[in-house]
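# Descriptive analysis of the structure
Spelled out from the first residue to the last, the chains are:
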Amino acid sequence: RSKALSDEENAKLFGKCNNPHGHGHNYKGEEIDPVSGMVLNLTDLKKYMQEAIMEPLDHKNLDKDVPYFAEVVSTTENVAVFIWENLKKLLPMGTLYKVKVYETEQNIVVYKGEETISE
């Protein structure tokens, strides 16, 4: 839901996801280097994911509890960007290849920095 749009425009653009009070999803993610099959030590990765993803997003109403989404529409694409930016700050340079966010089994977003691919 976008604050910049009317109720009618939001309904047309976002369909059943248009809810003034938000709606929930269960997301899952993968971070794998295509060459080595490993990003980095799993203990370190879990720590980075906890700080970059779980602490700011888990069990939160994105639009009300996460400051980033106060002005950014909480689409799956923007969730991927948020996760990318948070992980990029924590991970060693060059280790972040992509962020893949599953909103549903059929709605998947892959983000590689400036490039977003819907699958």
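First things first, this report covers the structure right here in the doc. (Residues numbered from 1 in each chain as written. Predicted model: local features only at pLDDT ≥ 70, side-chain atom pairs only at ≥ 80, totals over all residues. Heavy atoms only, no water.)

## Some points on the overall build of the chain
A count of helices and strands for the chain gives four helices and four strands. Seen in sequence order, the chain has helices and strands lined up from the N terminus as α-β-α-α-α-β-β-β. Here the chain, with 119 residues, has 33% of them falling under the buried criterion. Within the chain, residue pairs in contact and separated by at least 24 positions form 45% of the contacts whose partners lie at least 6 positions apart. Looking at the chain as shown, the accessible area adds up to about 8000 Å², and 52% of this sits on carbon and sulfur atoms. (Helix = DSSP H or I, 4+ residues; strand = E, 2+ residues; numbered from the N terminus. Buried < 20%, exposed > 50% of the residue type's maximum accessible area, 1.4 Å probe, protein only. Contact = heavy atoms within 4.5 Å. Areas by Shrake-Rupley, 256 points an atom, 1.4 Å probe, with all protein chains shown as cover.)

## Things to note about the side chain of glutamate 103
Mapped onto the fold, glutamate 103 is located in the loop between strand S2 (99-102) and strand S3 (108-112). Overall, glutamate 103 belongs to the buried group, its relative accessible area being 15%. Among the polar contacts listed, one links the side chain of glutamate 103 to the side chain of threonine 76, at a separation of 2.6 Å. (Polar contact = N/O pair within 3.5 Å; in protein donor to acceptor, adjacent residues only side chain to side chain.)

## Looking at the pairing of S3
Taken across its five residues, S3 has four buried, putting it largely inside the fold. Bridge count between S2 and S3: four bridges; the pairing is antiparallel. By the bridge assignment for S3, valine 101 is matched with valine 109. Hairpin connection from S2 to S3: five residues lie between these consecutive antiparallel strands. (Pairing = 2+ DSSP bridges.)

## Here's the deal with the packing of helix H2 (residues 42-57) against helix H4 (residues 76-90)
Taken N-terminus to C-terminus, the directions of H2 and H4 make an angle of 140°; their axes are 9 Å apart at the nearest point. Judged by the inter-axis angle, H2 sits oblique to H4. Regarding H2 and H4, the two cross each other, and that crossing is right-handed. Contacts between H2 and H4 involve Tyr48, Met49, Glu51, Ala52, Ile53, Pro56 and Leu57 on the former and, on the latter, Val79, Phe82, Ile83, Asn86, Leu87 and Leu90. Among the residues forming the contact of H2 with H4, the class breakdown is eleven nonpolar, one polar and one charged. (Axes fitted to C-alpha atoms, helices over the stretch in contact; angles between N-to-C directions. Parallel < 35°, antiparallel > 145°, perpendicular 65-115°, else oblique. Left-handed = near helix turned anticlockwise from the far one by under 90°. Nonpolar A, V, L, I, M, F, W, Y, C, P; charged D, E, K, R; others polar.)

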